[in-house]
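Take a look at the letters that make up each chain.
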Amino acid sequence: MILQKLNDYYERLATDPDHEIAPFGYSVQKMSFCAVVPLQGNSVQFRSLVSVVSNGRAISQTLVVPGQSKPPGVGVNPCFLWDNAAYMLGYRADDPKPERTRQQFEAFRDRHLSLESAIGDPHFSAVCRFLEWWQPEHVAEHPELAEITQSFGCFRIQGEIGYVHQRPAVREWWGQQDSAEDSRRGICLVSGKQRTIARLHSPKIKGVKGAQPAGGAIVSFNLDAFDSYGMQQSFNSPVSEQATFQYATALNLLLSDPSRTVMLGDATTIFWTESPTQAETYFPSIFSGPPLASNEAEDAELKTQLAAFFKRLAQGKQDDLAHSIEDATTPFYVLGLSPNAARVSIRYWLVSTVGQVSEHLTRYVNEVELVNSPDPTPPTVRQLLRETARDTKDIPPVLAGSFMHAILTGGPYPLAFYQAILRRIRAEQLIDKDFRKDWIRGLHRRIAAIKAVLVRNFKKEISVGLDTTRPEPAYHLGRWFALLEKIQRDAQGENLNTTIKDRFFTAASSTPASVFPRLISLSQHHLNSIESKGLRISREKLVQEIASRLQGFPNHMNLEDQGLFHLGYYHQVQDLYTKKSASKSIPSAAESE
């Protein structure tokens with residue numbers, strides 16, 4: 001089914017005029033130079049196909065050319081009417097193996113000369129005359145080659161606009177050759193049609209994090225032990241060459257698009273829908289953040305659009321911009337890939353609809369929503385996973401996949417994720433301000449993660465802000481601890497190097513009975529030191545209000561209660577630093593420090 005859906009995606013793009021996708025038997029390659037030759041083939045001019053964009057970056061021109069690129073180090077295998085300078089001209093800068101380079105040029109020349117009579121095109125014959133005339137020693141007359149041959153090259157005839165490989169006669173011959181080389185036919189498992197079966201699936205899949213740079217295969221058999229009923233290699237799973245080309249091309253296109261690709265842990269995840277929707281553009285941002293824009297203006301506009309989209313999503317509304325083409329029943333596909341030596345393994349595969357995924361993402365956005373968020377958009381999956389370990393390399397690969405799967409399916413979050421967040425809070429006394437420059441956002445994300453797990457896994461109804469009517473003592477213990485810390489700041493100033501939080505937060509959230517009596521006694525001293533009588537009375541009333549909801553201090557709190565403690569602490573801190581008479585909140589506690 002995965003190959004079928006990828007094949008369908010290729011056919012969707014093939015009919016879309018806004019997308020350039022290579023037809024069967026062709027590939028899109030980056031060209032940095034062009035050899036312009038006359039019809040006589042007795043001279044040459046080299047033109048650069050590299051353009052410099054506004055940010056100073058050089059970009060090679062992309063062209064659809066016959067055939068696929070070959071993996072490095074695989075024999076002498078010249079391409080057809082395009083290749084690198086070693087094959088086309090017998091030239092390689094700082095060449096360590098000049099003899100091999102000459103062999104490559106001779107192979108390229110001999111291949112094209114042998115095809116001249118079969119193709120019968122005057123422009124192709126001009127290329128043949130050029131290859132007969134050209135000697136690698138002529139490179140010394142063209143010093144510009146050192147700068148323009150960093151990528152592939154192709155041929156063009158003087159006075160003509162198109163390239164030689166785009167000639168109708170050349171394309172017709174190439175198409176005939178493609179089918180003439182087929183040797184085994186059968187029913188294709190992807191298309192269900194009688195087609196030539198692929199012995200090897202190509203092109204290779206590239207862009208999977210951690211996989212080999214030359215690419216890998218999803219379907220491959222390389223040992224005799226896999227032979228079955230005389231079938232060898234990929235004949236064991238008959239897929240036509242055309243379907244193989246189409247699904248692999250579509251997959252490579254998805255993997256090369258940053259807006260469709262999310263890398264979490266060791267898995268590379270891609271998203272697409274059966275028909276064009278805004279969902280396939282915006283939804284990945286929930287997992288990895290907005291894609292990089294080419295300039296600051298576009299970046300700001302993109303963030304504004306995403307913020308508006310997520311706001312509508314949180315409110316359960318459909319994106320107005322996508323109203324004309326969005327359909328809740330449109331199939332939505334999620335594919336997770338992981339490297340496995342020379343192969344690419346399927347980590348997970350999810351089939352849903354835009355409506356179902358939208359519903360699950362809306363649920364996630366609401367679960368992580370908290371008062372006084374420092375960001376206009378909800379925390380992404382990558383940002384929440386970042387809070388489970390001191391360093392990103394320490395995040396368990398399996399955790400990323402299971403967390404993403406829970407969001408997309410609406411299932412419970414992995415408890416390992418919740419436990420990892422609590423471990424980081426215990427290790428850093430909530431959060432390490434000295435280690436984290438973004439500790440304000442880090443604190444918000446940790447509490448947001450705790451709230452999400454409490455809502456989904458422990459079935460709690462939790463508001464985004466302070467809730468003084470909650471029945472759980474753990475929540476009010478967290479509030480009390482936040483108030484004790486604020487009383488200390490009121491008495492001794494906001495710029496303290498160390499507060500009770502830095503020394504007692506972990507013990508207070510796990511074994512309250514061991515520290516709260518001592519902290520309350522200490523707080524009396526702090527209250528007496530507050531100069532403002534009105535403020536002192538206000539703090540005392542709040543202490544009494546919180547204390548009235550408690551029957552004592554538990555000796556130990558379980559993981560659920562620890563999460564409620566942290567949430568109560570966060571809510572109370574935000575409330576203490578918010579003006580009660582103004583509709584607009586003042587900066588959060590974190591921002592005021």
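What counts as what
- Residues numbered from 1 in each chain as written.
- Predicted model: local features only at pLDDT ≥ 70, side-chain atom pairs only at ≥ 80, totals over all residues.
- Heavy atoms only, no water.
- Helix = DSSP H or I, 4+ residues; strand = E, 2+ residues; numbered from the N terminus.
- Buried < 20%, exposed > 50% of the residue type's maximum accessible area, 1.4 Å probe, protein only.
- Contact = heavy atoms within 4.5 Å.
- Areas by Shrake-Rupley, 256 points an atom, 1.4 Å probe, with all protein chains shown as cover.
- Phe/Tyr/Trp six-rings, centres within 6.5 Å; stacked < 30°, edge-to-face > 60°.
- Lys NZ or Arg CZ within 6 Å of the ring centre and 35° of its normal.
- Pairing = 2+ DSSP bridges.
- Axes fitted to C-alpha atoms, helices over the stretch in contact; angles between N-to-C directions.
- Core = buried A, V, L, I, M, F, W, Y, C linked by side-chain atoms within 4.5 Å.
- Domains from an automatic or database assignment.
- Expected span 1.5 Å × (residues − 1).
- Arc of directions from axis to C-beta.
- Salt bridge = Lys/Arg side-chain N within 4 Å of Asp/Glu carboxyl O.
- Parallel < 35°, antiparallel > 145°, perpendicular 65-115°, else oblique.
- Nonpolar A, V, L, I, M, F, W, Y, C, P; charged D, E, K, R; others polar.
- Left-handed = near helix turned anticlockwise from the far one by under 90°.

Going by an unreviewed UniProt entry, the chain carries the name Type I-C CRISPR-associated protein Cas8c/Csd1 and comes from Blastopirellula marina.

Novice: Quick question: what am I supposed to make of the overall build of the chain here?
Specialist: A tally of regular secondary structure across the chain gives 21 helices and 12 strands. Evaluated residue by residue, the chain yields a buried proportion of 48% over its 593 residues. Taking as baseline every contact in the chain between residues at least 6 positions apart, the subset at least 24 positions apart corresponds to 70%. For the chain, the accessible surface area stands at approximately 28,100 Å², while carbon and sulfur atoms represent 50% of it.

Novice: Before we go on, may I ask you to explain the packing of aromatic side chains in this structure?
Specialist: Scanning the entire structure with this criterion turns up 31 aromatic pairs. Between F130 and F155 the ring centres are 6.0 Å apart and the planes differ by 65°, which places this aromatic pair in the edge-to-face class. Within this pair, whereas F130 is found in helix α4 (residues 122–133), its partner F155 is found in strand β6 (residues 152–157), the two being separated by 25 residues in sequence. Neither F130 nor F155 differs from the other in exposure class; each is buried. Ring-pair connections join several aromatic residues into one group, and the members of that group are W480, F481, F505, F516, F553, F565 and Y569. The ring of W439 carries the charged tip of K433 above its face, separated from the ring centre by 4.7 Å. If you follow R470 out to its NZ or CZ, it ends over the ring of Y475, 5.8 Å from the centre.

Novice: Looking at this structure, I do not really get the environment of G192. What am I missing?
Specialist: Locating G192 in the fold gives a position in the loop between β7 (185–187) and β8 (194–196). Classification of G192 by relative accessible area gives exposed; the value is 51%. It is 9.4 Å that separates the C-alpha atoms of G192 and S240, two residues lying 48 residues apart in sequence.

Novice: Help me understand the pairing of strand β10 (residues 267–273) in this model?
Specialist: On a regular strand, one side chain projects to one face of the sheet and the next to the other, so that they alternate. Burial analysis of β10 places seven of its seven residues in the buried class, the great majority of the element. Residues of β10 alternate between two faces, with A267, T269, F271 and T273 on one and T268, I270 and W272 on the opposite face, all of them buried. Pairing of strand β9 (residues 261–264) with β10 involves four bridges; the strand directions are antiparallel. Paired with V262 across the strands is T269, a residue of β10. Counting the residues in the hairpin turn of β9 and β10 gives two residues, including G265, whose phi is positive at 60°.

Novice: What's the story with the sheet that holds strand β12 (residues 343–353) in this structure? I'm lost.
Specialist: Backbone hydrogen bonds are what pair the strands of a sheet, in a parallel or an antiparallel way. The strand order across the open sheet formed by four strands is β9-β10-β11-β12, and the pairing between neighbours is antiparallel. In this open sheet, the two strands that pair with only one neighbour each are β9 and β12. The sheet shows a mean angle of 20° between the axes of neighbouring strands, taken without regard to direction. Pairing geometry for strand β11 (residues 331–340) and β12, over 10 bridges, is antiparallel.

Novice: Even after reading the chapter, I still don't get the nonpolar core, so can you show me in this structure?
Specialist: Across soluble globular proteins, nonpolar side chains show a tendency to be buried alongside one another. The biggest cluster of nonpolar side chains holds 80 residues, and the ones touching the most others in it are F287, Y364, L385, F417, F481 and F516. Each of domain 3 (257–464) and domain 4 (469–578) contributes no fewer than three residues to this core. Ignoring sequence-local partners within four residues, the contact set of F417 consists of L384, L385, T388, L399, F403, A449 and V453.

Novice: What should I look at first to understand unusual backbone geometry in this one?
Specialist: For residues other than glycine, phi is negative in most cases, and the peptide bonds are mostly trans. We note that N372 has phi near 55°; this positive angle belongs to a residue other than glycine. With respect to the secondary-structure elements, N372 resides in the loop between α11 (354–367) and α12 (381–386). Classification of N372 by relative accessible area gives partly exposed; the value is 21%. Unusually for a residue other than glycine, K459 sits at a positive phi of about 55°. Within the secondary structure layout, K459 lies in the loop between α15 (439–456) and α16 (473–492).

Novice: What am I meant to see in helix α18 (residues 516–529) here?
Specialist: Count 3.6 residues to each turn of an α-helix, and residues three or four apart come out pointing the same way. Relative to the 20 Å expected for 14 residues at 1.5 Å per residue, α18 spans 20 Å between its end C-alpha atoms, a close match to the ideal helical length. Within the span of α18, buried status applies to F516, L519, S523, H526 and L527. Down the axis, α18 shows its buried residues gathered within 100° of arc, on one side only. Every exposed residue of α18 that faces more than 90 degrees away from the buried side is listed here: R518, S521 and N528. Lining the buried residues of α18 we find α16, α17 (500–510), α19 (533–547) and α20 (559–576).

Novice: Quick question: what am I supposed to make of helix α1 (residues 2–14) here?
Specialist: Helix length check: α1, at 13 residues, gives a terminal C-alpha distance of 18 Å against a target of 18 Å (1.5 Å per residue), a fit within 8%. Buried within α1 we find I2, L3, K5, L6, N7, Y9, Y10, R12 and L13. Where α1 is buried, its residues contact α7 (241–255), β10, α8 (279–282), β11 and β12.

Novice: Teacher, can you tell me more about the pattern of salt bridges here?
Specialist: Pairing is possible between side chains of opposite charge, provided their charged atoms come close. Scanning the model with the defined rule gives 23 salt bridges in all. Here R479 ties to E545 by a salt bridge, and the two come within 3.0 Å at their closest N and O atoms. Note that R479 is positioned in helix α16 and E545 in helix α19, a separation of 66 residues in sequence. Looking at E545, the relative accessible area reads 25%, which means it is partly exposed.

Novice: Where do I start with the packing of α11 against α15 in this structure?
Specialist: To characterise two packed helices, one gives the angle between the axes of the helices and the distance between these axes. Axis separation between α11 and α15 bottoms out at 8 Å; the angle between their running directions is 120°. Here α15 runs oblique to α11, going by the angle between their axes. Contacts from H360, R363, Y364, N366 and E367 in α11 reach A448, K451, A452, V455 and R456 in α15. For the contact of α11 with α15, the residue count by class is four nonpolar, two polar and four charged.

Novice: Just to check I follow, could you spell out the packing of α16 against α19 for this structure?
Specialist: One way to put it is that α16 packs onto α19 with a least axis distance of 10 Å and a crossing angle of 165°. One element, α16, and the other, α19, form an angle in the roughly antiparallel class. Regarding α16 and α19, the two cross each other, and that crossing is left-handed. Every residue of α19 that contacts α16 at H476, R479, W480, L483, K486, I487 and D490 is listed here: L535, R539, L542, V543, E545, I546 and A547. The class makeup of the residues in the contact of α16 with α19 is eight nonpolar, one polar and five charged.

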